Amino acid sequence: MSARDLAMPYPSVATDESANAAIRLLTEHSLPALLVVDGHGMPYAVVPVSQLVRQLVPEPALDDPLRAAVLRDGPSERLAATLSWCTTELERLSV
């Protein structure tokens with residue numbers, strides 16, 4: 001048996017797709033990592049969920065999970081800015 005025999009299709013996101021699309025893919029499929037492919041559909045990078053979480057969760061919550069319970073959600077603009085940063089980060093990772 002070879003690795004090819006064990007391989008199964010894995011959902012992926014293209015380097016030019018939005019961070020929203022990437023996060024949607026992760027959550028819909030409960031993936032442990034995000035497979036990023038280039039414009040030809042070839043693997044470009046694998047981004048672990050833990051790396052994305054560090055970008056989305058406020059720093060105090062990462063440092064002390066007990067404090068996370070008292071943090072209030074910021075305005076939707078903050079989330080949009082974070083997702084925009086993630087898109088930029090995904091683009092950077094795929095360079």
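Higher on the page you've got the structure.
Fair warning: this is a prediction, and the values are worked out from it, not measured in the lab. (Residues numbered from 1 in each chain as written. Predicted model: local features only at pLDDT ≥ 70, side-chain atom pairs only at ≥ 80, totals over all residues. Heavy atoms only, no water.)

Some remarks on the sheet that holds strand S2 (residues 33-37)
To keep it simple, the criterion reads: Here, a strand pair is defined by DSSP locating no fewer than two bridges between the strands. The secondary structure listing takes helices from DSSP runs of H or I that are at least 4 residues long and strands from runs of E that are at least 2 residues long, numbered from the N terminus. The axes used here are C-alpha line fits, helices contributing only the stretch in contact, and every angle between their N-to-C directions lies in the interval 0 to 180 degrees. Between two residues, a contact is recorded if the distance between any of their heavy atoms is within 4.5 Å.
Overall, mixed pairing links the three strands, which are arranged S1-S2-S3 in an open sheet. Where the open sheet ends on each side, the last strands, each with one partner, are strand S1 (12-14) and strand S3 (43-48). When strand polarity is set aside, the average angle formed by the axes of neighbouring strands in this sheet is 30°. Bridge count between S1 and S2: three bridges; the pairing is parallel. For Val13, the partnering residue across the bridge sits in S2 and is Val36. Strands S1 and S2 of the sheet are contacted by helix H2 (residues 19-29), whose axis makes an angle of about 135° with S2. The sheet contacts of helix H3 (residues 49-56) involve S2 and S3, and relative to S3 the element is tilted by about 65°.

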